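So the chains spell out like this:
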Amino acid sequence: MTTLLIRNAKMLVTMGTERREIRGGGLFVRDGVIEQVGETAVLPLTADKILDLNHHIVLPGLVNTHHHLYQGLTRVIPAAQNAALFGWLQTLYPIWAGMNAEAIYISTLTGLAELLLSGCTTASDHLYIYPNDCRLDDEIEAAQEIGMRFHAMRGSMSLGESKGGLPPDSVVEEEAAILKDSRRLIETYHNPDRFAMLRVGLAPCSPFSITQDLMRESAKLARSYGVRLHTHLAENPEDIIFSREKFGMRPGEYAEDVGWVGADVWHAHCVELNAAEMNLFARTGTGVCHCPNSNMRTAAGIAPIRQMLDAGVPVGLGTDGAAANDAGHLLAEARQALLLQRVLGGSGALEAREALEMATLGGARVLGRDDIGSLTPGMAADFVAFDLNQIGFIGTHTDLVAALIFCHPVNVAYSVINGRIVIDNGHLTTIDLPLIMERHNAISKALINKTL
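Note that the coordinates shown come from a computational prediction; the quantities given were computed from them, not determined experimentally.

Caption draft 1: Spotlight on empty space enclosed by the protein. Using the criterion set out here, one finds 1 cavity of 30 Å³ or more in the structure. In this structure, the largest cavity occupies an estimated 130 Å³ of space. Considering the residues around the largest cavity, the lining is formed by 15 residues, among which Leu 85, Trp 88, Leu 89, His 232 and Glu 235 are closest to the centre. Per-element accounting of the lining of the largest cavity gives the leading share, 4 residues, to helix α1 (residues 85-96).

Below is the structure:
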């Protein structure tokens with residue numbers, strides 16, 4: 001058995017039922033599970049490893065519920081910088097078509113490293129394009145190597161341009177092959193157990209790249225194995241127009257028609273959901289991933305998150321792909337979520353602790369996890385510590401928790417996942433990050449130069 005003691009934290013944010021915030025608090029961890037939480041004086045005196053965090057705020061690890069990690073290879077492409085969603089995709093599809101297995105593996109390592117440094121300890125990635133020899137296995141291998149708690153979502157596209165879809169035919173797959181590989185991945189990798197480090201789900205890409213048949217068959221397959229479902233929905237006005245013209249219904253009606261509502265489903269973006277659709281999601285427990293920076297980047301709009309929360313919709317946060325953001329900092333998403341809701345609804349529309357809750361407990365709920373998102377006994381030892389002894393936090397002593405959201409987003413000093421120290425005093429311990437970054441840039445240049 002291994003033990004870890006966190007003590008003397010300037011502030012410990014539990015996000016438990018009582019939302020305790022403990023000055024001088026700490027945690028005692030045994031074999032990757034939190035055993036005790038409280039003031040340092042009531043905790044054990046010794047452990048195999050002790051971290052004295054008297055200049056830090058400690059909180060549950062953040063949960064990213066939507067990403068496309070491979071897109072870190074194609075940030076700030078000039079031709080896509082000023083494009084709305086559909087044009088942005090059409091510019092980038094031909095470049096992504098040149099990816100190979102190494103591109104997926106390396107971009108996963110760099111993307112997860114960026115998330116880890118921002119305070120994220122659990123990530124869900126939506127890989128929906130499989131050119132050449134690319135497989136979901138490539139990013140699973142990378143996630144296991146870096147030590148991130150990971151939800152690998154088997155995305156797919158089957159509706160090419162020749163059949164009325166948006167993506168070129170060269171990057172779509174046959175539906176029978178998609179379902180066969182989906183079954184293989186679930187049977188090979190999915191771990192339904194509590195504290196699982198790896199889970200698999202099914203994630204057909206979007207209404208404009210997938211047939212209704214595949215949506216229905218994916219839902220049946222996922223539910224036969226007890227895994228979760230994820231897709232893009234109602235991202236911008238073009239999305240609404242496409243749904244009405246193609247299916248004769250709004251996105252929420254489409255989701256219900258193909259069996260994509262329920263507590264085992266979450267949708268990314270949902271910028272254009274109306275009141276009836278929000279009530280449908282609340283009634284069925286269907287989750288939403290809010291991606292504020294991406295939605296601003298592509299001019300999609302501002303999702304009505306305040307109304308969703310008030311209606312009872314489960315809401316988590318996501319960075320979205322690194323070519324649509326173009327960043328991977330989850331704390332920055334929480335800050336932007338707060339600010340945008342205030343633009344829509346006034347200065348009190350969203351509070352700092354509500355934004356932090358979406359980034360922790362909200363994300364855990366959306367992913368169907370009851371073992372992460374709070375620092376309470378019996379929960380996984382996934383937590384992060386931010387150093388408050390830096391200029392960005394001066395003058396914030398009156399409310400250190402709110403400072404995390406209101407002030408400039410910073411990187412973590414420590415990150416612990418499943419009881420393992422993955423970031424130690426700002427240093428990522430599991431991979432040689434400078435070497436991986438160098439390889440990432442070489443792959444990116446070759447991929448883009450080949451296409452452009």
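Picking up after the structure, the text goes on.
Caption draft 2: Main features of the environment of Tyr 105. You can see Tyr 105 is positioned in helix α2 (residues 101-117). Residues Tyr 105 and Ala 142, spaced 37 residues apart in sequence, show a C-alpha to C-alpha distance of 5.7 Å. For Tyr 105, the contacting residues outside a window of four places in its chain are Asp 138, Glu 141, Ala 142 and Glu 145.

Caption draft 3: Representation of the packing of aromatic side chains within the structure. This model, assessed by the stated rule, comprises 8 aromatic pairs. Aromatic side chains Phe 208 and Phe 242 sit 6.1 Å apart centroid to centroid with 85° between the ring planes, which places their arrangement in the edge-to-face category. Note that Phe 208 is positioned in the loop between β11 (198-204) and α5 (212-225) and Phe 242 in helix α6 (residues 237-247), a separation of 34 residues in sequence. Given a relative accessible area of 15%, Phe 242 falls into the buried group. Every member of this aromatic cluster is reached through a ring pair, and the members are Tyr 70, Trp 88, Tyr 93, Trp 96 and Tyr 128. The aromatic ring of Tyr 130 is capped on one face by Arg 154, whose charged end is 4.2 Å from the ring centroid.

Caption draft 4: Molecular detail of the sheet that holds strand β5 (residues 33-39). An order of β5-β4-β1-β6 is seen for the 4 strands of this open sheet, with the pairing classed as mixed. The sheet is open, and its two borders are formed by β5 and β6 (49-52), each paired with just one other strand. Mean inter-strand twist for the sheet, computed between neighbouring axes without regard to direction, equals 10°. Sheet topology note: the strand β1 (residues 3-9)/strand β4 (residues 25-30) ladder contains 5 bridges and is antiparallel. By the bridge assignment for β4, Ala 9 is matched with Gly 25.

Basis of the calculations
- Residues numbered from 1 in each chain as written.
- Predicted model: local features only at pLDDT ≥ 70, side-chain atom pairs only at ≥ 80, totals over all residues.
- Heavy atoms only, no water.
- 1 Å grid on protein atoms, 1.4 Å probe; cavity = no way out; pocket = protein on both sides within 12 Å on 5 of 7 lines; lining within 4 Å.
- Points joined across faces, edges and corners; volume = space filled by probe spheres on them.
- Helix = DSSP H or I, 4+ residues; strand = E, 2+ residues; numbered from the N terminus.
- Contact = heavy atoms within 4.5 Å.
- Phe/Tyr/Trp six-rings, centres within 6.5 Å; stacked < 30°, edge-to-face > 60°.
- Buried < 20%, exposed > 50% of the residue type's maximum accessible area, 1.4 Å probe, protein only.
- Lys NZ or Arg CZ within 6 Å of the ring centre and 35° of its normal.
- Pairing = 2+ DSSP bridges.
- Axes fitted to C-alpha atoms, helices over the stretch in contact; angles between N-to-C directions.

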